[in-house]
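So the chains spell out like this:
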Amino acid sequence: MAKKVNRKKQLRNILRRSGAFSSSVTKVLEDTTKVIKHTEKAAQEVGKAVSQKVEQVVKTTKEKVQKTTGSVEDFAESLGGLSLERAKTFYDEGIKSVADFKNWTEKELLTLKGIGPATIKKLKENGVRFK
């Protein structure tokens, strides 16, 4: 019987003996190393860009919060000195001016946390009109 020839194995052995196999593996490893270094550098650049964007968003958000806080205080004053806590309750519900009360009934306002008949009475005394 003739011995079965494994062509793939023969080719691999020929490549190993000639040194071509090891040099091609070395080349692949070098190329892979270059790709990894490039990827790491790109990841660092992306990380820096993301950090800058996050800092910008945080700064913008802080500014908006400061403006909102000032607006709530102004809103409380426009309601005849209503407590800041009550004004914030209205503000959080979308009532940001005296005119916005026209879209709400007294019953709807009474369902809000911290708003009771005394608050409604004080609003009426200050000329606020409801739905």
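Just above sits the structure.
These figures come from a predicted structure and were not determined experimentally.

What follows is about the overall build of the chain. Check the secondary structure of the chain and you find five helices and zero strands. For the chain, the N- to C-terminal ordering of α and β elements is α-α-α-α-α. The 131 residues of the chain split such that 16% are buried. Considering only contacts in the chain between residues 6 or more positions apart, those separated by 24 or more positions represent 39%. As presented, the chain carries roughly 10,500 Å² of accessible surface, and 56% of it is formed by carbon and sulfur atoms.

A word on the pattern of salt bridges. The tally for this structure, following the rule as stated, stands at three salt bridges. Its salt-bridge partner being aspartate 92, residue lysine 88 comes within 3.4 Å of it at the nearest N-O pair. Of the two residues, lysine 88 and aspartate 92 are both situated in helix 3 (residues 84–92); the distance of four residues between them amounts to about one turn of the helix. We classify aspartate 92 as exposed; its relative accessible area is 56%. Here glutamate 106 ties to lysine 124 by a salt bridge, and the two come within 2.9 Å at their closest N and O atoms. Residue glutamate 106 is found in helix 4 (residues 106–110), and its partner lysine 124 is found in helix 5 (residues 117–125); the two are separated by 18 residues along the sequence. Judged by relative accessible area, which is 41%, lysine 124 ranks as partly exposed.

It is worth spelling out helix 3 at this point. Since the α-helix advances by 3.6 residues per turn, residues separated by three or four positions end up pointing in the same direction. Regarding helix 3, the residues found buried are Ala87, Thr89, Phe90 and Tyr91. Within two residues after helix 3, glycine 94 carries a phi angle of roughly 100°, on the positive side.

Here the focus is the side chain of threonine 89. Note that threonine 89 resides in helix 3. The contacts of threonine 89, once residues within four sequence positions are left out, are Leu112, Lys113 and Ile115.

This next bit is on the nonpolar core. Among the nonpolar cores identified, the biggest contains 18 residues, and Phe75, Leu79, Phe90, Phe101, Leu109 and Leu123 are the most heavily contacted of them. Counting residues per element, the ones that place at least two in this core are helix 2 (20–78), helix 3 and helix 5. For leucine 109, the contacting residues outside a window of four places in its chain are Phe90, Ile95, Phe101, Trp104, Ile115, Ile120 and Phe130.

The next thing to look at is a nonpolar patch on the surface. On the surface, Val46, Val50, Val54 and Val58 cluster together into a nonpolar patch covering about 320 Å² of accessible area. Relative to the helices and strands, valine 50 resides in helix 2.

As for its placement among the helices and strands, threonine 119 is situated in helix 5. The buried category is assigned to threonine 119, whose relative accessible area is 10%.

The geometry of an aromatic ring pair is captured by two quantities: the separation of the ring centres and the angle between the planes. Under the counting rule described, the total for this entry stands at four aromatic pairs. Ring centres of phenylalanine 75 and tyrosine 91 lie 6.1 Å apart, and the angle between their planes is 55°; this geometry places the pair in the tilted category. Taken together, the residues phenylalanine 75 in helix 2 and tyrosine 91 in helix 3 connect sequence positions 16 residues apart. Taking relative accessible area as the criterion, phenylalanine 75 reaches 3% and is therefore assigned buried. You can call tyrosine 91 buried: its relative accessible area is 13%. Aromatic side chains phenylalanine 101 and phenylalanine 130 sit 6.1 Å apart centroid to centroid with 90° between the ring planes, which places their arrangement in the edge-to-face category. Note that phenylalanine 101 is positioned in the loop between helix 3 and helix 4 and phenylalanine 130 in the segment after helix 5, a separation of 29 residues in sequence. Here a set of aromatic residues connected by ring pairs shows up, and it is made of Phe75, Phe90, Tyr91, Phe101 and Phe130. The positively charged end of lysine 96 is found above the aromatic ring belonging to tyrosine 91, 4.8 Å away from the centroid.

Definitions and cut-offs
- Residues numbered from 1 in each chain as written.
- Predicted model: local features only at pLDDT ≥ 70, side-chain atom pairs only at ≥ 80, totals over all residues.
- Heavy atoms only, no water.
- Helix = DSSP H or I, 4+ residues; strand = E, 2+ residues; numbered from the N terminus.
- Buried < 20%, exposed > 50% of the residue type's maximum accessible area, 1.4 Å probe, protein only.
- Contact = heavy atoms within 4.5 Å.
- Areas by Shrake-Rupley, 256 points an atom, 1.4 Å probe, with all protein chains shown as cover.
- Salt bridge = Lys/Arg side-chain N within 4 Å of Asp/Glu carboxyl O.
- Core = buried A, V, L, I, M, F, W, Y, C linked by side-chain atoms within 4.5 Å.
- Patch = residues over 30% accessible without salt bridge, like charges linked within 9 Å, V, L, I, M, F, W, Y side chains within 5 Å.
- Phe/Tyr/Trp six-rings, centres within 6.5 Å; stacked < 30°, edge-to-face > 60°.
- Lys NZ or Arg CZ within 6 Å of the ring centre and 35° of its normal.

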